[in-house]
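If you want the building blocks of each chain, they are given just below.
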Amino acid sequence: MTRIITPPLVVKEIIMGISLCILIFTIIFAFPLLGVFALLFLPLPVLFYRLKLGRNSSYVIVGISFIVLLIMTQGLAFDILYFGSLLMTGFFLGECIERHFGIERTMILTGLCVVGSAFAAFILYTIFQGQTMTAIVSDYLTRYFALTAQLYTDMGIEQSQVETLNSAFLIVLPGMFCVSFVATMWMNILIIKRLLLRKGIQLKNLDNLNQYRAPDTLVWGVIVLGLILFLPMEAPKYVSINCLIVLMLVYFFQGIAVVSFFFQTKRSPTALRMFCYSLIAVQLYFLILVIGLGFFDNWINFRKLGTHE
C-alpha cells in the first residue's frame, strides 16, 4: 500500500493519532456508559495511521498512547491489559491488511498476535508485582462478582439467583469475550475499508465479505454438541459448551455477513451501521440474534431473499 506524505506532516499526523486514542480513553473514563461504545473504536486510530504512515510511526502512536493509558488507569491491571490489547489490535490488523491477507487469515493472525502479546505482558506484570497469575485473576473476579452481585441485588434479584448467574457467566466468559473481540475486529475492518475507499484505495483481498458462508457440514457439529448438553455427566457438558461457542464464532461471521449485505443493498447510512455493529459487539442479545441469523442462513439463504423486492 503506497504512502505519500511529506516529512513535516508526519509529526502532525502522529499527534493526531495519539490525540484520537487519548480522546477515546477520556470518553471511556468520563462517561462509562458511552465509553462501552467508544472502546470498540480504540483500534481504529492505530489501524488508520498504521496504513497511512507506516510501522515506525504507529509504534510511536501506540507507545505514547499506552503511557497515557498507564497514567489514566492508575495501574489497574486488567484495564491496562484490555485497552492495550485493543491498541495492538489496530496495529496487527494494519500489518495483515498491508500484506493483503484474506479476512480469515487477517482475523486469526491478529487474534493470535494480540493474545500472545497480552499473555507476555501479563506474565511481566505478575513478575513486577510479585504475585501469581492465579492470585491476580482470582482477586479481579472476586471484585467483579461482588460488584455485579450488588447490582443484581439492587435490581431485586434474589441471592441464590445471583450466584447462579455468576456461575453461568464464569463458564461462558472466555467464549463470549472471544465473540466480542471478533465483533470489534470485524467492525474496525469494515470501517477502515470505507475510509480507504473514499480515498480511492480498494482492499481487494477483503472484498465480498458479505458473501461469506460457513461449510454446511458444521451444522451437524452443532447438532451433536447440542445433544451432548443433555448428558448427565458434567465434564462433557463443559467441553460441549466451549466447542459450541467456538462454532458460534463461525456462524457469527456468517450472520454479520448477512447484516452487512442488507446494509449494503439498502444503502444504509454509515452512522446507522456503526451504531448497529456497536450494539452487536456489546449486547449479548444482539450477538445471539446475529449468530442465529447465520445458522439459519444455511437453509433460508436470507441474502437470496433480499435480492427480490
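Residues numbered from 1 in each chain as written. Predicted model: local features only at pLDDT ≥ 70, side-chain atom pairs only at ≥ 80, totals over all residues. Heavy atoms only, no water.

(A) Just the overall build of the chain, in detail. A tally of regular secondary structure across the chain gives 13 helices and 0 strands. Starting at the N terminus, the α and β elements of the chain follow one another as α-α-α-α-α-α-α-α-α-α-α-α-α. Its C-alpha atoms give the chain a radius of gyration of 21 Å, near enough to 19 Å, the size a compact globule of 309 residues would have. Its C-alpha atoms give the chain principal-axis dimensions of about 65 × 60 × 35 Å. Across the 309 residues of the chain, 42% fall into the buried class. Expressed as a percentage of contacts within the chain between residues at least 6 apart in sequence, the contacts between residues at least 24 apart total 73%. With an accessible surface of roughly 17200 Å², the chain has 70% of that area assigned to carbon and sulfur atoms. Looking at the chain, you have 20 positive and 14 negative side-chain charges, and the mean spots of the two groups are 16 Å apart. (Helix = DSSP H or I, 4+ residues; strand = E, 2+ residues; numbered from the N terminus. Rg over C-alpha atoms; globule rule 2.2 N^0.38 Å. Buried < 20%, exposed > 50% of the residue type's maximum accessible area, 1.4 Å probe, protein only. Contact = heavy atoms within 4.5 Å. Areas by Shrake-Rupley, 256 points an atom, 1.4 Å probe, with all protein chains shown as cover. Lys, Arg positive; Asp, Glu negative; His and termini not counted. Charge placed at Lys NZ, Arg CZ, Asp CG, Glu CD.)

(B) Looking closely at the packing of helix H10 (residues 234–265) against helix H12 (residues 284–300). One way to put it is that H10 packs onto H12 with a least axis distance of 7 Å and a crossing angle of 85°. Taken as axis vectors, H10 and H12 run roughly perpendicular relative to one another. Residues Met248, Tyr251, Phe252, Gln254, Gly255, Ile256, Val258 and Val259 of H10 form the contact with H12, whose participating residues are Leu287, Val290, Ile291, Leu293, Gly294, Phe295, Asp297 and Asn298. Of the residues contributing to the contact of H10 with H12, the split by class is 11 nonpolar, 4 polar and 1 charged. (Axes fitted to C-alpha atoms, helices over the stretch in contact; angles between N-to-C directions. Parallel < 35°, antiparallel > 145°, perpendicular 65-115°, else oblique. Nonpolar A, V, L, I, M, F, W, Y, C, P; charged D, E, K, R; others polar.)

(C) Summary view of the packing of H10 against helix H11 (residues 270–282). Closest axis-to-axis distance for the H10/H11 pair is 12 Å, and the angle between their directions is 165°. When the axis of H10 is compared with that of H11, the two are roughly antiparallel. Considering how the two elements wind past one another, H10 and H11 form a crossing that is right-handed. Within the contact between the two elements, H10 uses Phe252, Ile256, Val259, Ser260, Phe263 and Gln264 and H11 uses Arg273, Cys276, Tyr277 and Ile280. Along the lines of polarity and charge, the residues of the contact of H10 with H11 split into 7 nonpolar, 2 polar and 1 charged. (Left-handed = near helix turned anticlockwise from the far one by under 90°.)

(D) Region of interest: H12. Here H12 is 17 residues long and its end C-alpha atoms lie 24 Å apart, about the 24 Å a rise of 1.5 Å per residue gives. Once H12 ends, the next one or two residues include Asn301, with phi positive near 55°. (Expected span 1.5 Å × (residues − 1).)

(E) Structural context of the nonpolar core. Grouped together as the largest cluster of nonpolar side chains are 70 residues, with contacts concentrated most on Leu42, Met107, Trp186, Ile192, Tyr251, Phe252 and Tyr277. If we ignore the near neighbours within four places in the chain, the residues touching Ile192 are Leu44, Leu47, Phe48, Leu51 and Ile97. (Core = buried A, V, L, I, M, F, W, Y, C linked by side-chain atoms within 4.5 Å.)

(F) Expanded view of the pattern of salt bridges. Scanning the entire structure with this criterion turns up 6 salt bridges. For the salt bridge of Arg50 with Glu95, the shortest nitrogen-to-oxygen distance reads 2.8 Å. You can see Arg50 sitting in helix H3 (residues 43–53) and its partner Glu95 sitting in helix H5 (residues 77–98), a full 45 residues away along the chain. Across the pair, Glu95 and Arg50 agree in class, each one buried. With its nearest N and O atoms 2.9 Å apart, the salt bridge here joins Glu95 to Arg55. Taken as a pair, Glu95 in helix H5 and Arg55 in helix H4 (residues 55–73) lie far apart in primary sequence, 40 residues in all. Of the residues examined, Arg55 reaches a relative accessible area of 33% and is grouped as partly exposed. Beyond isolated ion pairs, a larger network of salt bridges with shared partners links Arg50, Arg55, Glu95, Glu98 and Arg99. (Salt bridge = Lys/Arg side-chain N within 4 Å of Asp/Glu carboxyl O.)

(G) Summary view of the confidence of the model for the chain. In this model, the chain carries an average pLDDT of 81, and 91% of its residues clear a pLDDT of 70 or more. Mean pLDDT across the elements of the chain ranges from a minimum in helix H13 (residues 302–306), with 73, to a maximum in H3, with 92. (pLDDT = per-residue confidence, 0-100.)

(H) Spotlight on the packing of aromatic side chains. In this structure the tally under the stated criterion is 14 aromatic pairs. With a centroid separation of 5.2 Å and an interplanar angle of 70°, the aromatic rings of Phe295 and Trp299 are classed as edge-to-face. Of this pair, Phe295 and Trp299 both sit in helix H12, 4 residues apart, which is roughly one turn of that helix. Positioned above the aromatic ring of Phe101 is the side chain of Arg105, whose terminal nitrogen or guanidinium carbon lies 4.0 Å from the ring centre. (Phe/Tyr/Trp six-rings, centres within 6.5 Å; stacked < 30°, edge-to-face > 60°. Lys NZ or Arg CZ within 6 Å of the ring centre and 35° of its normal.)

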